[in-house]
Amino acid sequence: MKKFYILSLLFSFVSILAQTNLKKADALFKNYSYTDAAKAYEECLQKIDKPSVQTLKNAADSYYFISDNRNALKWYQKLYEVQGDNLSDIYYLRYIQSMKGVMDYDNADKVTKEYLNKKGDQKEIDRYIYQKKLLDSLSKAKSLYTLKNIAINTDKSDFGATFYGDKVVFTSARDTGNFDKKLYNWNKQPFLNLYVAERSAIDGSLFNEVLFIPNVMSKYHEATVTFSPDWKTMYYTTNILKKNKLVIDESRTNNFQIIKGTIEDNKLVKTEKVFFDSDKYSVGHPYLSDDGKMLFFASDMPGGYGETDLYVVKIADDGTMSSPQNLGPTINTLGNDVFPSYRNGVLYFSSDGHYGLGDLDVYESKLSGELNFSAPRNLGAPINSNKDDFSFVIDPKENYGYVSSNRAQGKGDDDIYYFTKGKPICNQLVSGQAINTKTKKGLSDTFIIAYDVYDAVITETKTDADGNYKLEVPCNKRIKMTANKPNFSGDEKFIETTKDNNAEIKDVNFYLSNYDDLVVKKDGVEKVDINPIFFDYDKSNINPQAAAELDKVVFVMQKFPKIKIKIESHTDSRGKDAYNMKLSDARAKSTQTYILSKGIEPFRIASAIGYGESRLVNKCSNGVKCTEQEHLANRRSDFIVIEK
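Quantities reported herein were computed from a predicted structural model and do not represent experimental measurements.

Helices and strands together make up the secondary structure of the protein, namely 11 helices and 37 strands. Against the compact-globule benchmark of 26 Å for 644 residues, the protein has a radius of gyration of 38 Å, which places it well outside the compact range. Dimensions of the protein, computed from C-alpha atoms along their principal axes, come out at roughly 130 × 65 × 40 Å. A total of 644 residues make up the protein; the buried ones form 52% of that total. In the protein, of all internal contacts separated by at least 6 residues, the share reaching a separation of at least 24 is 57%. Approximately 30600 Å² of the protein is accessible, and the part contributed by carbon and sulfur atoms is 50%. Treating the 88 positive side-chain charges of the protein as one cloud and the 87 negative ones as another, the clouds have centres 2 Å apart.

Below, the structure written as structure tokens:
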């Protein structure tokens, strides 16, 4: 498809029959006779040990411009070996695209990173990272699109389908009756013309094709058409002519222009050039917005970002057009950005400068405000391939449409494909962190699991080295999320997702406690780590200080639901032995009752027994003089872990 999206035609009658070898190849190249030039360079380069940089460029470009990526890559590789870091931006791009054209994606990414590092443009690096991640995720997901080649395609170039009421107008090189082949040496095909066909509402097939508005036809190119909402006005691309002859600039190049006309009785009348047409550069690929108030187009006019950029003009009710506005660096690249279409606030276009599968890929970008475009998103396979994919159009309800491609297994040079689009699955992102309750630092390798209302697992992930996570969940749902890590307490949260596709719910954080931070271990026995519980003198009821400590026990049992404990309560030796035994047992039962009141199941407390002064931890038995601190060590309640 490069023959048309470059938007210019070198016009030359240079005689090359008498020329030989490299001069012959150069002459063919300058004459846009790329098919013949590629063969000529191939022959003469076999006899040249050290070809010039320009010869390598021409040989590679000859193959590149006829979409022979395998042979183009061979010569771009030699050029890269000669020039290294001195390779210009556009040749880096063509080298990378040729690698993708033969599906050598690993090396293409390697050279892309090398190029981006050399440039040092962080915005370009960020765009590469974003678009690569997006395309990688698309490759793992089921596509919304289904695609099929349609019977109307020929062995020539057929592309650029666009809606015309309940019919479709498209571009084709199928009719050879009125063309002089010598004028278009690029790919040895006839010039392009516009055709109209009936469209099947059942399977999208096109049939009964005839020339569209015969009085438009010239002996050169007519292609890529768009219509006003009432179907009465059309804009189309054609060569710049004067008295039916090509207008040639100083470089022997004929450029393209956009013509506007009114359709009356199957004729185009009141034709006129748009005011931004110029003999010095090309404009083409027009596309009107749904309301007819914006005209998008492609051009290589001076001041752009790359080889071909996308522009827009606003159209007033009386037909007055604003000055062309470049769509800016979010959309345009150093390569070719072409074939715009626009539907329901979304710009679709093709580009070989954004990160893609190879050559031209189709992208979408949402327009908001004054030319504020979102980052372009690659539509992925099957819409895109490792070859040129372009001229994407979709119906107003976004259920079906057409796209063009020169991918393998097609019928001709370029083919028209019919696609259907399923309804997008609405998903949102949830992100946050798993945090150690004690240290306040992120916890790595924590399992984050999302459940639906039936407790079925939706998706799961693990936190990274800093404790961060991100996962995708359905829109408009109540989601239970849990966080678990071996030897740590669990945590759970409930969230409500909205209807906003691709939105992100941030800072859904989980707090986990390490089991080892909650227990003390001595002599092979594990006890819940709490401060001593003080009861009022001669009392067994739970006071506020005791409740605060018992809540720590409740926390451990809630966070570690497999834990079972036994409660042991002790006194010091002061007082009568029998009384101390009775008091400690009452205190043990009191603490058990408190813990159970917090929702802990009874079977998880194996026993609650008071031992009085029978299990002292020091010398302070009856009659032994001890300090208050020594007696305090014996007045204890232990919550011993017996199962976990």
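Where the model shows low pLDDT, its predicted coordinates should not be examined in detail. When pLDDT is averaged along the protein, the result is 88, and 92% of the positions lie at 70 or above. Confidence drops under a pLDDT of 50 for residues 9-19, and excluding neighbours within four residues, the segment shows 29 contacts in the predicted structure. A low-confidence stretch, residues 179-187 (pLDDT under 50), is modelled with 35 contacts involving residues beyond four sequence positions or located in other chains.

On to the environment of Asn-372. Take Asn-372: it is sitting in strand 20 (residues 372-373). With 42 residues separating them in the primary sequence, Asn-372 and Thr-330 have C-alpha atoms 8.9 Å apart. The residues touching Asn-372, leaving out its near neighbours within four places in the chain, are Lys-366 and Leu-367.

What follows deals with the packing of helix 4 (residues 53-64) against helix 5 (residues 69-83). At a closest axis distance of 7 Å, the pairing of helix 4 and helix 5 adopts a crossing angle of 155°. With respect to their mutual orientation, helix 4 and helix 5 come out roughly antiparallel. Between helix 4 and helix 5 lies a crossing of left-handed hand. Here Val-53, Leu-56, Lys-57, Ala-59, Ala-60, Asp-61, Tyr-63 and Tyr-64 of helix 4 lie close against helix 5, whose contacting residues are Asn-69, Asn-71, Ala-72, Trp-75, Tyr-76, Lys-78, Leu-79, Val-82 and Gln-83. In the contact of helix 4 with helix 5, the residues fall into 11 nonpolar, three polar and three charged.

Next up on the list: the packing of helix 3 (residues 34-45) against helix 4. How two helices sit against one another is set out by the angle between their axes and by the gap between those axes. Packing of helix 3 against helix 4 leaves a shortest axis separation of 8 Å and a crossing angle of 135°. In terms of axis orientation, helix 3 runs oblique to helix 4. The element helix 3 and its partner helix 4 pack so that their crossing is left-handed. Between helix 3 and helix 4, the contacting residues are Tyr-34, Ala-37, Ala-38, Tyr-41, Glu-42 and Leu-45 on the first element and Thr-55, Asn-58, Ala-59, Ser-62 and Tyr-63 on the second. Residues belonging to the contact of helix 3 with helix 4 are distributed by class as follows: seven nonpolar, three polar and one charged.

Let us now look at the nonpolar core. Among the nonpolar cores identified, the biggest contains 41 residues, and Tyr-41, Trp-75, Tyr-76, Leu-87, Tyr-95 and Met-99 are the most heavily contacted of them. Elements that contribute at least two residues to this core include exactly helix 2 (21-30), helix 3, helix 4, helix 5, helix 6 (89-101), helix 7 (105-119) and helix 8 (122-140). Excluding residues that lie within four positions of it along the chain, Tyr-76 makes contacts with Ala-60, Asp-61, Tyr-64, Tyr-91, Arg-94, Tyr-95 and Ser-98. The next biggest cluster of nonpolar side chains, apart from the first, holds 36 residues, and it includes Ala-173, Tyr-287, Phe-296 and Phe-390.

By the definition in use, this model includes 32 salt bridges. When the shortest N-O distance is used, the salt bridge between Glu-364 and Arg-377 registers 3.9 Å. Separated by 13 residues along the polypeptide, Glu-364 in strand 19 (residues 361-368) and Arg-377 in strand 21 (residues 377-378) bring together distant segments of the chain. Linking Glu-496 and Arg-478 is a salt bridge whose minimum nitrogen-to-oxygen distance equals 3.2 Å. In this pair, Glu-496 is assigned in strand 30 (residues 491-496) and Arg-478 in strand 29 (residues 478-484), connecting sequence segments 18 residues apart.

The rules we used
Residues numbered from 1 in each chain as written. Predicted model: local features only at pLDDT ≥ 70, side-chain atom pairs only at ≥ 80, totals over all residues. Heavy atoms only, no water. Helix = DSSP H or I, 4+ residues; strand = E, 2+ residues; numbered from the N terminus. Rg over C-alpha atoms; globule rule 2.2 N^0.38 Å. Buried < 20%, exposed > 50% of the residue type's maximum accessible area, 1.4 Å probe, protein only. Contact = heavy atoms within 4.5 Å. Areas by Shrake-Rupley, 256 points an atom, 1.4 Å probe, with all protein chains shown as cover. Lys, Arg positive; Asp, Glu negative; His and termini not counted. Charge placed at Lys NZ, Arg CZ, Asp CG, Glu CD. pLDDT = per-residue confidence, 0-100. Axes fitted to C-alpha atoms, helices over the stretch in contact; angles between N-to-C directions. Parallel < 35°, antiparallel > 145°, perpendicular 65-115°, else oblique. Left-handed = near helix turned anticlockwise from the far one by under 90°. Nonpolar A, V, L, I, M, F, W, Y, C, P; charged D, E, K, R; others polar. Core = buried A, V, L, I, M, F, W, Y, C linked by side-chain atoms within 4.5 Å. Salt bridge = Lys/Arg side-chain N within 4 Å of Asp/Glu carboxyl O.

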